[in-house]
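Fold and geometry: a report
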Amino acid sequence: MQSLVALYRYIARRSIEESSTLICPYRRALLDTGAVHFQGAPAHSDQLPSGLVRSISEWIEDALRPPAGEAEGHLFSRCVDSIHNAESRVRSLADRIRTTLPLLLSTLGSPTSDGGVFIMPKNRSEKLTDYYLESLDAYVRGEMRFRAIEDDDASASTDEAEKSLLDSRQKRAGFPKLTEGFRRLRGLAREEDGSDLVVERLLAGIDSLCFETFFLYSQKKGLLEIKRRKSELGRKANEAHMDPERSLVEVLKIELDRVYTSAERAFKALPLGGSAGVKGYSPFSFKPREGEDNVMIACSESRTSLAEGFEKALLKILNADRGIFGVNRVRARGLPEILLLPGNAVPFYDRIGDTILLPFASTRERTLDHLVEAIGSFRWKSDDSLKIQNLWSDLQGYKGKRPDVELEPSFVRGYSKWLKCEMDGTSPAEDETISIMGEALRKEGAFVACYA
C-alpha cells in the first residue's frame, strides 16, 4: 500500500512539473478520482459544483496559472457563478418582501407602543420597506465585517463619510427592532380574519433573505481569500532559496505532500463514514463499486444533477447551523475552500491548509453525510474561543490532556446527529448531551429569530 501511495504522489508531482500545458484528460481522471480502471477520459471539471470547490488537477492548474485579472482559474470562475446565483436569490426574496410588506402595513397596520394600531399610507409603507431591506443588508455587512469597495472614497468628504457611517449604525441598530415589530403582525392578522398565513410567509421570506445575504457575503469574502492565498503562494515561492522557475513547483510539491499526509492521519484519527477498520488512506480506486459498470460513471451524469445535489446539501447544512456565519474564521475570510481528494478519503477540515477535504465521490453519493462530517470537523477546529470544546469536554466527562485531538471524533458524530435532527425538524431526545451542545450551537446563529 505504501508503494502505491508513493506511485500516486509521483504521478501528481510529474503533473506539477509538466504543467506548461493543461493536464491531459487521462491523467486528470487518475489524479481526481484515483480510478485505475476506466474506459474513457471524463470531462468532469465542468460537472463540479459552483462555489469554492475544486479537484486536485484544478488545484495544480490554478496554482501554477499566473494571475490574470478576472481569469484566475477554475475555482475563481465557479465562485463567481455561485455569487451570481446567490445575488439572484437575494433579489428574488427582496422583491417578494417589497411587494408583500407594504400591503400588510397599509391594510393590517403596525402595532404601536401604547397597544394601538397605526394604518400606514402606501407611500410611507413602501419607504419603510426599502429602509428595512437596507437595514438588513447593513446588519449582515456588520456581522460579516464586510465593507464594499467604493471607487470615490478619495473624493468623498469627511462629513459625508461620517454621515454614511452614522446612517449605517442606525440601520444596524434598527434592524432587530423592525423585525420584532413585523413579528407582531401575527396577532393583528389573527384578530382580523383568524389567519396569519400571509404574515407567516412574510416572516419566512425575511428569514430566508437574512440567510441568503449571509451566504452571499461569505462567498464574496471567500473570493477575496482566493486572491489573497494566491498572492501568499507567490510570496512563499519568492522566498525559497532556489531557481525562480523551480521555486513555485517545489513549493506546490511540499504542499501536496502535506495535504496527503493530513488525509492519512485523518483516516486513522476520524474513522467516520463507513471507513472504520481501514488502516490507511489510499488515493487509488481498484474496483468498480457494487452496482456500477464503471468507476467513472459520474462522467455520463449531467452537470446539473451533480451541481444541484451538492449545492442544495451545502445550503441545507448552512441554513440548519447558522452559527457557522458567526465563527471568526468565516466572518474574517468567508467560507473555507473545498478540495476533492481521490480514493476513500475521510471528510475533515485541514486547519493548517485552511481547506475542507472531501472524497471526490461526495459529488455523486452520500453528499449530505460527507458534508455534515466535514462541517462538524470545521466547527470543532475553528472554535477559537474554546467555548464548544470546553462544553463538549464537560459533557463527556473528559479528563485527558489533548481534548482538541482526542474528542474530535465523538464531537463530529454528535454534531452529525444534532444537525440531521435540525434539518428534519426533530429533537435528539434520546441523548441529552447532544441536545445541550445543539442548544449552544443554535444560540450562535440566532441572528434573526422570526419564529421565536
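Below is a short write-up of the structure. (Residues numbered from 1 in each chain as written. Predicted model: local features only at pLDDT ≥ 70, side-chain atom pairs only at ≥ 80, totals over all residues. Heavy atoms only, no water.)

A closer look at the pairing of strand 4 (residues 337-341)
As a reminder of what qualifies: Partly exposed describes any residue whose relative accessible area lies between the buried limit of under 20% and the exposed limit of over 50%, with all areas from a 1.4 Å probe on protein chains only and scaled to the type maximum. Runs of H or I in DSSP of at least four residues are treated as helices and runs of E of at least two as strands, each being numbered from the N terminus. In this analysis, strands are considered paired if DSSP registers two or more bridges between them.
Of all five residues making up strand 4, five are buried, and the element is well covered by its neighbours. Burial along strand 4 is two-sided: the face carrying Glu337, Leu339 and Leu341 and the face carrying Ile338 and Leu340 are both buried. With three bridges connecting them, strand 1 (residues 53-55) and strand 4 associate as parallel partners. Across the sheet, the residue bridging to Ser55 is Leu340, located in strand 4. Pairing of strand 4 with strand 6 (residues 355-359) involves five bridges; the strand directions are parallel. Opposite Leu340, over in strand 6, you have Leu358 as the bridge partner.

Focus on the pattern of salt bridges
Basically, it comes down to this: Each reported salt bridge corresponds to a side-chain nitrogen of Lys or Arg within 4 Å of a carboxyl oxygen of Asp or Glu.
Applying the stated criterion across every chain, the model contains 33 salt bridges. Here Glu61 ties to Arg28 by a salt bridge, and the two come within 2.7 Å at their closest N and O atoms. Pair noted here: Glu61 is in helix 3 (residues 56-64) and Arg28 is in helix 2 (residues 25-33), with a separation of 33 residues, a long-range link. Given the relative accessible area of 8%, Glu61 is considered buried. For the salt bridge of Asp354 with Arg333, the shortest nitrogen-to-oxygen distance reads 3.2 Å. Of this pair, Asp354 sits in the loop between strand 5 (348-350) and strand 6 while Arg333 sits in helix 11 (residues 328-333), and the two are 21 residues apart along the sequence. Among the residues examined, Arg333 registers a relative accessible area of 31% and is labelled partly exposed.

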